[in-house]
Each structure stands twice: as structure tokens, then as C-alpha cells.
Amino acid sequence: MAEIVGGIGTSHVPAVGVAFDKGLTDDPYWAPYVAKLGPAREWIAELEPDACIVVYNDHACAFSLELIPTFALGMAEEFPIADEGFGPRPVPPVPGHPELAWHLAESLVLDEFDMTLVNEMSVDHGLTVPLSVAFGQVDEWPCPVVPLAVNVVQYPPPTGNRCYRLGQAIRRAVESFPGDERIVIFGTGGLSHQLQAERAGLINVDWDLAFLDGLVSEPERVAAIPHVEYLREAGSEGIELVMWLVMRGALGPEVRERYRATHLPTSNTHNGLLVLEPTRA
Ligand code: DHB
Ligand code: FE
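Rules of the game
- Note on numbering: residues in each chain are counted from 1, in written sequence order.
- The naming scheme follows written order: chains are lettered A onward, ligands numbered 1 onward.
- With the structure being a predicted model, the display of local features is reserved for residues of pLDDT at least 70 and the display and counting of side-chain atom pairs for 80 or more, all residues being used for whole-chain, interface and lining totals.
- By convention in this description, side-chain values take in all heavy atoms of the structure and omit both hydrogens and water.
- Each metal site lists N, O and S donors within 2.8 Å (3.2 Å for Na, K and Ca). With water left out of the atoms, a site can look as if it is missing ligands.
- Secondary structure follows DSSP: runs of H or I at least 4 residues long count as helices, runs of E at least 2 residues long count as strands, and numbering of each begins at the N terminus.
- Here a salt bridge means any side-chain nitrogen of Lys or Arg lying within 4 Å of a carboxyl oxygen belonging to Asp or Glu.
- Note on classification: 1.4 Å probe, protein chains only; a residue is buried when its accessible area is under 20% of the maximum for its type, exposed when over 50%, partly exposed between these limits.
- Strand pairing is assigned whenever DSSP detects at least two bridges linking the two strands.
- Angles run from 0 to 180 degrees between N-to-C directions of axes, and those axes are lines fitted to C-alpha atoms, restricted for helices to the stretch in contact.
- Consider each residue's heavy atoms; a residue with any of them within 4 Å of a molecule or strand counts as near.
- Pairs of N or O atoms are called polar contacts if they sit within 3.5 Å, as long as, within protein, a hydrogen donor faces a hydrogen acceptor (for residues adjacent in sequence, only side-chain-to-side-chain pairs).
- Surface accessibility in these figures is a Shrake-Rupley result with a 1.4 Å probe; residues are shielded only by whichever protein chains are displayed.
- Residue polarity is assigned by list, with Asp, Glu, Lys and Arg as charged and Ala, Val, Leu, Ile, Met, Phe, Trp, Tyr, Cys and Pro as nonpolar; anything else, Gly included, falls into the polar class.
- Two residues form a contact once any of their heavy atoms are found within 4.5 Å.
- Grouping buried Ala, Val, Leu, Ile, Met, Phe, Trp, Tyr and Cys residues that are joined through side-chain atoms within 4.5 Å yields what is termed a nonpolar core.
- A helix is expected to span 1.5 Å for every residue after the first.

Engineer: Hey, could you run me through the coordination of the iron ion (ligand 2) in this one?
Structural biologist: Distances from the iron ion (ligand 2) to its protein donors, namely H12 (NE2), H59 (NE2) and E240 (OE), fall within the range 2.0 to 2.2 Å. On the primary sequence, the residues serving as donors to the iron ion (ligand 2) are separated as H-x46-H-x180-E. A residue pair is termed long-range when its members are at least 10 positions apart, and H12 in the loop between β1 (3-10) and α1 (14-21) and E240 in the loop between α9 (227-234) and α10 (242-249) qualify at 228 residues.

Structural data, given as C-alpha cells:
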């Protein structure tokens, strides 16, 4: 039986990718943030997962307003790095895991989660920055990845509750995958940020910290937070946090919090990092 052995929540701020790629991590702006990554990196290096499922959102790179899948699974052998306007990030292409992806697709669809299956797509900062946060600068990513893209860009995004239930279904899917893979699931995006319009620059530290507390110990309550609360309290891009609920749902009812860090500022975003492990009865 394959199993989910851990979950990591992290922001996916594009400027963090630039800081890694341009060697700016000792810069006084970035050094205090980078210093907080150590325990999460040590945790995942020690765990040596066989594969990762990365729940992220595409920012109009692989998809556009022509095609807006609510939940999309990446099925390919490899995912090229998207060009977001300044050339692709100089990080390795992301290796896929078609066998796991096809198993997830079958299990999730039969479990009544109607996934869009994507055989070819590039991956943007939503996926690559979390990999850099977790694994640092590498010549090759240490394990294959199944990308799971969630629409949080074009209204209506899925509810937090739907995302939490999808995570629970992912857990069932992984546990029925033949083999003994140990899998880490990433939830990415957030914390509070708004990149546009009158409230651009909005940050709400108190709301973010309460969200993280609730995600750990009261996930059902947090799953019920309506879209309008994310918008009002965490800004228009704060809705990315529903993707952390997919990760949380995949860990089972009770978790152990192994590490948490938050940091301000990173670009216009309150940055979060949370490492969780399932507790087994
Ligand atoms: C920014 C973009 C993002 O997609 C995000 O999640 C946070 C910040 C930015 O452009 O700064
Ligand atoms: Fe984003």
C-alpha cells in the first residue's frame, strides 16, 4: 500500500524563485526568509519521498481563459518550465509519474471527482517555487511529481470544502495504489495577498495565523469558510489558500505539526510554510 507520509503548505511567490535563481538569498531582503526554510528542507530530505503530489494553480501559462479546468491532473512523463515573460526559470524540467497519475485519475473519477486529464502542459511559479522552497537548487528534482492544478484564478473557484473532500479522496486513491511509495503532498499559494485594484498590497496577519491554526486542528471548520471571507479578509489572491485544504484533507483527521514559519514581506505576500505529518491510530 502506498501512503501519504507528509504534507507541506507553502506560498509560491514568484520573486522567491527569482531570488533563488539569481543567487540573491544572502541579500538582506531575502536572507531572513531563506533562514526560515531550513527545518522544512531537512524534514523532506530525511523523509526522502518516492513521489510528490503538488497542488498548485496555473497563472494563465498552461491554461488561459479559453480553457478553465477546475481540477486538472498532469499525466505526462515530464513537464517543461513555463516562460512567464522573462524566459523559463533555470530549474530542471519536472519529472512526472504517469502510473501514479493514471491511478489517481481512475480512483478520483470513480470516487466522483471529475478531474481534467492533461497530457501536455508547462508548469509555472505556482509549482516550481514550492519545489525550490523544499529542495533548494538542484540539477535534478529528487523525485517524480504529479501536478494537480486548481482553478483559483477565474471565478468561480471550488469551495474550500470541495478541496478538503478532494484531499480525502486523494488519500483513498494513494492507499489503493499498488506498491509501497511514500508520498508527500504540497498545498501551495497564499497567505493573504491582493495584487490588483483598490486594495492591492492587502495583508492580514491575524487572519492568516488563525487560518493556519484551524487548518491544523479544526479542518472541517476551516473547510467551511466561504469565498467571500477569503476575499474580504485575505484579499483577492488569498483564495489560493483553498489549495492547502486539499493537502490537509489528504493527511487524515489528525495531524502532527512538525514546523511552521511565516514571513513578511515577500513581494506583496504574507509568506507561509507549514509541515504536517499524519498521526496514525
Ligand atoms: C505574486 C504572485 C503569486 O502568484 C502569488 O501567489 C503571490 C505573489 C506576485 O506577483 O508577487
Ligand atoms: Fe499565486
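Now that the structure has been shown, we can carry on.
Engineer: I keep staring at the pattern of salt bridges and nothing clicks. Help me out?
Structural biologist: Side chains carrying opposite charge are able to pair once their charged atoms draw close together. Scanning the model with the defined rule gives 10 salt bridges in all. Salt-bridge contacts for D21 lead to R89; the nearest nitrogen and oxygen are separated by 2.7 Å. Taken together, the residues span a long stretch of sequence, with D21 in helix α1 and R89 in the loop between β4 (78-79) and β5 (94-95) at a distance of 68 residues. In this structure D21 comes out as partly exposed when scored by relative accessible area, which is 26%. Judged by relative accessible area, R89 falls into the buried class, the value being 12%. The closest approach of N and O atoms between R258 and E277, which form a salt bridge, is 2.8 Å. In this pair, R258 is assigned in strand β9 (residues 255-266) and E277 in strand β10 (residues 269-278), connecting sequence segments 19 residues apart.

Engineer: Even after reading the chapter, I still don't get the sheet that holds β1, so can you show me in this structure?
Structural biologist: On the basis of which strands lie adjacent, the open sheet formed by 8 strands has the order β6-β3-β7-β2-β8-β1-β10-β9 and mixed pairing. The strands lining the two open edges of the sheet, one partner per strand, are β6 (116-118) and β9. Between one strand and the next, the sheet's axes are offset by a mean angle of 20°, whatever the strand orientation. Relative to β10, β9 runs antiparallel, the two sharing 9 bridges. Following the sheet pairing, A261 is matched in β10 by L273.

Engineer: Quick question: what am I supposed to make of the site of ligand 1 here?
Structural biologist: Surrounding ligand 1, one finds H12, P14, H59, H125, H193, L195, E240, S267 and T269. Side-chain polar atom of H12 to an oxygen atom of ligand 1: 2.9 Å apart, as the coordinates give it. At 3.1 Å, a side-chain N or O of H193 approaches an oxygen atom of ligand 1. For ligand 1, whose accessible area on its own is 290 Å², the fraction buried by protein is 85%. For the shell around ligand 1, the class distribution of residues is 2 nonpolar, 6 polar and 1 charged.

Engineer: What is the right way to read the pairing of strand β2 (residues 51-56) from this model?
Structural biologist: Working note: regular strand, side chains alternate between the two faces of the sheet. Across the 6 residues of β2, 6 count as buried, placing the element largely inside the fold. Bridge analysis of β2 against strand β7 (residues 145-150) gives 5 bridges, and the strand direction is parallel. Looking at the pairing, Y56 lines up with A149 of β7.

Engineer: How do you make sense of the side chain of N57 when you look at a structure like this?
Structural biologist: Looking at where N57 falls in the secondary structure, it is placed in the loop between β2 and β3 (71-74). Classification of N57 by relative accessible area gives buried; the value is 0%. If near-sequence neighbours (up to four positions away) are discounted, N57 is found in contact with H12, D124, G126, V150, V152, V153, T188, E240 and M243.

Engineer: Looking at this structure, I do not really get the nonpolar core. What am I missing?
Structural biologist: The tendency in soluble globular proteins is for nonpolar side chains to be buried as a group. Counting residues in each nonpolar core, the largest one holds 53 residues, and the members touching the most others are L104, I170 and F211. For this core, the leading source of residues is helix α6 (residues 160-175), giving 7 residues. Dropping the residues within four chain positions of it, I170 is found in contact with I4, I53, L104, L108, L148, I185, V246 and A250.

Engineer: Is there a simple way to think about the side chain of H263 in this case?
Structural biologist: The topology assignment puts H263 in strand β9. Within the structure, H263 has its side chain in polar contact with the side chain of K36 (distance 2.9 Å). Those residues in contact with H263, other than ones at most four positions away along the chain, are P32, Y33, K36, T269, H270 and N271.

Engineer: Would you explain α6 in this entry?
Structural biologist: Think of an α-helix as turning once every 3.6 residues; residues three or four places apart then point the same way. Taking 1.5 Å as the rise per residue, α6 with 16 residues should run 22 Å; its terminal C-alpha atoms sit 23 Å apart, in good agreement. Taken together, the buried positions of α6 are occupied by G160, C163, Y164, L166, G167, A169, I170, R171, A173 and V174.

In short, geometric facts, not functional conclusions.
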